[in-house]
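Coordinates in review
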Amino acid sequence: MSAPTTTHVKPGMGAPGTVREHHEHHELSFLRKYIFSTDHKVIGIQFLFTGLTFFVVGGLMAMAIRWQLAWPWTKMPVIGGILFPNTGEAITPEFYTMLFTMHGTLMIFFVIIPLLTGAFGNFLIPLMIGAPDMAFPRLNMFGYWAMIPAIACIVMSFMNPGGGPAAGWTAYPPLSTIETAAPGSLSAQTYWLLALTWIGVSSMMGAINYVTTIVKMRAPGMTMMRMPLVIWALFIAALLQLFALPVLTAASIMQILDRTLHTGFFTPTNLVVNQMNPEMVGAAAGGQPLLWQHLFWFYSHPAVYVMVVPAMGMASDILATHARKPLFGYKPMVYSLASIAGLGFIVWGHHMFTSGMNPALGMTFMVSTIIIALPSAIKVFNWLGTLWGARIRLTTPMLNALGFVAMFIVGGLSGIWMAATPVDIYIHDTYIIVAHFHYIVFGGSVFAIFASIYHWFPKMFGRMMNETLGKIHFVGSFIFTNCVFYMMHQLGMAGLMRRTAMPYDYETYAHLQPLNQFISISAFCLFAWQIIFVFNFFHSLWWGKRVGRNPWQGCSLEWEAPSPPGHGNFDHQIEVYRGPYEYASPEVEEDYLPQAKKLS
Amino acid sequence: MRLIATLLFAALLVFGIWSFVDSETFLLGPMPDGYSWWWPEYTSTFGGDIDFLFTFISWLILVFFVGTMGALIMFVFKYSKKREGKAVFSHGNHKLEMIWTGIPAALLLIIAFMQMTTWADIKFAGATAGKQLFAEVFASQFDWRFRYPGIDGRFGTADDIESVYEFVVPVDEDIVFNLRSHDVLHSFFVPVLRLKQDAVPGMTIPVWFNSMEEGTFDLICAELCGWGHYKMAGRITVVSRAEFDQWIVDKTAEKYSNGQENQ
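Residues numbered from 1 in each chain as written. Chains lettered and ligands numbered in written order. Predicted model: local features only at pLDDT ≥ 70, side-chain atom pairs only at ≥ 80, totals over all residues. Heavy atoms only, no water.

Within chain A, the regular secondary structure consists of 18 helices and 0 strands. Compactness check: chain A gives a C-alpha radius of gyration of 25 Å against a globular reference of 25 Å for 600 residues, within 12% of the reference. Expressed along its principal axes, the backbone C-alpha trace of chain A runs to roughly 80 × 50 × 45 Å. Accessible surface for chain A amounts to roughly 19,300 Å². Of this, 68% is attributable to carbon and sulfur atoms. In chain A, 29 positive and 25 negative side-chain charges are present, and the distance between their average locations comes to 8 Å. (Helix = DSSP H or I, 4+ residues; strand = E, 2+ residues; numbered from the N terminus. Rg over C-alpha atoms; globule rule 2.2 N^0.38 Å. Areas by Shrake-Rupley, 256 points an atom, 1.4 Å probe, with all protein chains shown as cover. Lys, Arg positive; Asp, Glu negative; His and termini not counted. Charge placed at Lys NZ, Arg CZ, Asp CG, Glu CD.)

Below you can see the structure in the form of structure tokens.
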């Protein structure tokens, strides 16, 4: 372990304040403390700000997509003149393709994964297992700094003069590999692949750190089965990354080679793309487009669980804390997380039911996909069990966590349609799919992220966020989210395809424009509503009410540390005596019994 | 806040049930003739099986949706009232876990097994093996082309007929065709036929359907194929056998009169 020895709290150094005083002697420079920091809390907060910034960018792209679908090819107000001076201030088909490609890419690789694993993984893991820092603090710093080349590449890709990457976030070849197939893209797709590879490096460094830290650096008494569920979830998500990421990295390097050195991993023979045969200019051929789909989804399906498993863990913790009741069925919750992760590796083919993959294989993937619905159902029942007989405090984090459960129910149930192969023939690639995964990733993960920010903000910055503003933010967000994404089910029922810039020329879709306008207006409201959150966040950062160590009266270890914790986290020796959810325990008078509290 | 939160979740429940039971006028008022907020009417032979499965799963979903959301709403309303005292001190219940693992598991297995034959009938190679090839379908950026064997019934001969955009087929017959692409991925999607199959460069994929109704239906590309993906439209015209034979004769005559015969 290369944890800096100065930060270790040795037994016997127990007097509160020793570590902090010790550190005030060699104060780090601003650059080392906030920019090139090896402190897991600072790195977590760096990920938080980066992720939230890209959330705004990705959100703006979604707004542009919604504009096009509601009022296709019309003059875009305010910014149309700047973005499209040559096309009557309206979106072009090429730009639309780039928009949804980049919206997906940013939201998945630059927002949800960095926020869940990067921000909360970094911030919470050492604090909640009672460790002074990560096992490899420098590697951890490198994990964040690997984001910078990724960001540089994605910006380069976006600023490409001919237009950005235009093959969707799934980058299916040959559209993504043959230059004449998407003439505008030129080098944009290559930069896009490089960005993905660097993001992979960042996630990999994080994952190695999380697994090692959780296995090796738990405080005395913190057995695996006493860990809070959010730690279990982050542990399992890190394992998913560890096993799946190498495949994506290999695949994206193969695609880079196809694009730059004209190898032919994904290019079949005798292609004629835009009147040009790639073999005429010396490109190799004989490859298989489906190979990419297998490799890509072998990573990206587990990645889907990386985007929701930590959110499940966070919601579990927040629900128990604010319901003032032990989490219902701790062990089933851990086992169901583990089985989601395990099964997550054998369901990737359900993205390929209509792809031309052997239909017999499709049937196997159908069975595994159906089975994976079971652990998700078990989780929902246990969350409801946690609420039964509780003393619920409807604080802002709790409301958002309840919102998570409600929307996870919707998104989880609509998944059963997709798992049924014959039904999937009709709904594959329609807006039912879009509705489903937005219910999971926006309604689910984003609401869990909101809940976590409200819940752990006092620990991060030593100040509370404003509860009234928080509640107003939740109510509006919940209403508009459902207006936007529930109605997308109805679009999908009508068979509306995703990634279609102008659907109303088809007789099948002609009647859908009013519905799309309703969705777009709701989406604009949803976006605007987030201003409340941004204001609340920054206002509270400087002027929020100061708090003590344990504002929510939680049981887990992060609440033992000062708010915000200093370098090395804890100012006294931590020892763990019980599980993380001893709320309403009859052993003590108050309604919570912290993990580190010794009873005589 | 207690009331607002309860109403908010209750609104989602009502909204959800409403979308299931009233697909004619849901939210936006009456739909134009022939449209609803549910799937469009099917016209293919296997459409009935697919729609039955979809409807069956939908009702199952509705039951679980009402059950879980109902419990959530009730618990939020009931257990956020009292401030004093402690919650029930319970870490779980083994019997309950068994019940809510066992029942969904059984239902999910039923869903898994009841769809297998439908899937096999539509997609397995056995469904098209040995049947006579009706046409070859080529997808390319950004149009659909259909090649018929012509009057002699054989492909690759001088009287082959090619049609762009329009795919004319006879009603009530099994139509087996080979789907191909030689540039990028496309997908052959006809909503009313409940038929979707990707066209993959380098692969020849046999596809079949049997339309039980005459009419003209949209053929839509369902896999991103480039900037013009949105306008990669086609049309399926289903006619009686007699009309179809006449169409073949007309097309053949048209072809020779234009002097477009193959070398």
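Note the cis peptide between serine 563 of chain A and proline 564 of chain A, where omega equals -10°. Tracing the backbone through its elements, the reader meets proline 564 of chain A in the segment after α18 (513-543). Here glutamine 141 of chain B and phenylalanine 142 of chain B are connected by a cis peptide whose omega angle stands at -10°. Relative to the elements of secondary structure, phenylalanine 142 of chain B occurs in the loop between β1 (135-140) and β2 (143-148). The phi dihedral of tyrosine 165 of chain B is positive, around 75°, even though this residue is not glycine. Locating tyrosine 165 of chain B in the fold gives a position in the loop between β3 (161-164) and β4 (166-170). Residue classification places tyrosine 165 of chain B among the partly exposed residues on the basis of a relative accessible area of 37%. The phi angle at arginine 194 of chain B is positive, at roughly 55°, despite the residue not being glycine. Looking at the element boundaries, arginine 194 of chain B is found in the loop between β6 (186-190) and β7 (195-199). (Buried < 20%, exposed > 50% of the residue type's maximum accessible area, 1.4 Å probe, protein only.)

Let us look at the domain arrangement of chain B. All names here are of chain B. Looking at the assigned domains, one finds that chain B contains domain 1 (2-81 + 93-123) and domain 2 (130-257). For domain 1 and domain 2, the distance between their C-alpha centroids amounts to 36 Å. With 14 residues of domain 1 in contact, the opposing surface of domain 2 contributes 13 residues. When domain 1 packs against domain 2, close to 1,200 Å² is buried across both sides, 54% of that on carbon and sulfur atoms. For domain 1, the biggest contributors to the area lost against domain 2 are Thr43, Thr45 and Phe46; these three give 48% of the whole. One salt bridge connects arginine 194 with aspartate 51, and the closest N-O pair in it is separated by 2.7 Å. Here domain 1 and domain 2 share 10 residue pairs in polar contact (both at pLDDT 80 or more) between them. Contributing elements (two or more residues each) for the side of domain 1 that touches domain 2: α2 (47-79) and α4 (116-123). Across the side of domain 1 that touches domain 2, the residue classes break down as 6 nonpolar, 4 polar and 4 charged. (Domains from an automatic or database assignment. Contact = heavy atoms within 4.5 Å. Buried area = accessible area lost by both parts, 1.4 Å probe. Salt bridge = Lys/Arg side-chain N within 4 Å of Asp/Glu carboxyl O. Polar contact = N/O pair within 3.5 Å; in protein donor to acceptor, adjacent residues only side chain to side chain. Nonpolar A, V, L, I, M, F, W, Y, C, P; charged D, E, K, R; others polar.)

With that settled, consider the nonpolar core. The nonpolar side chains of a soluble globular protein tend to be buried, and buried together. By size, the foremost hydrophobic cluster in this structure holds 304 residues, and its most contacted members are Phe110 of chain A together with Tyr148, Phe167 and Phe188 of chain B. For this core, the element with the highest residue contribution is helix α5 (residues 93-129) of chain A, accounting for 24 residues. Composition of this core by domain shows at least three residues from each of domain 1 (2-81 + 93-123) and domain 2 (130-257) of chain B. Residue contacts for tyrosine 148 of chain B: discarding those within four places in its chain leaves Phe134, Ala135, Phe155, Asp160, Ile161, Ser163, Phe167, Val168, Phe244, Trp247 and Ile248 of chain B. (Core = buried A, V, L, I, M, F, W, Y, C linked by side-chain atoms within 4.5 Å.)

Attention shifts here to the interface of chain B and chain A. Taken together, the 97 residues of chain B in the interface contact 114 residues of chain A. When the two sides are added together, the surface that chain B and chain A hide from each other amounts to roughly 9,200 Å², 74% of it contributed by carbon and sulfur. The three residues of chain B that bury the most area against chain A are Lys86, Trp119 and Tyr230 of chain B, which together make up 9% of that side's buried surface. Where chain B packs against chain A, one counts 0 salt bridges.

Residues and elements named next belong to chain A. Across its 18 residues, helix α10 (residues 289-306) extends 26 Å between first and last C-alpha, which sits within 8% of the 26 Å expected from 1.5 Å per residue. A maximum bend of about 30° is found in α10 at tryptophan 297. Counted residue by residue, α10 has 13 buried out of 18 residues, so it is predominantly covered. (Expected span 1.5 Å × (residues − 1). Bend = angle between axes of the 7 residues up to and from the residue.)

A few words on the pattern of salt bridges. Evaluated as defined, the whole model comprises 17 salt bridges over all chains. Ionic pairing is found between arginine 324 of chain A and aspartate 591 of chain A, a salt bridge with its closest N-O pair at 3.0 Å. On the criterion of sequence distance, the pair formed by arginine 324 of chain A in the loop between α11 (309-323) and α12 (330-343) and aspartate 591 of chain A in the segment after α18 is long-range, its members being 267 residues apart. Of the residues examined, arginine 324 of chain A reaches a relative accessible area of 1% and is grouped as buried. The partner of aspartate 160 of chain B in a salt bridge is arginine 147 of chain B, with the nearest N and O atoms 4.0 Å apart.

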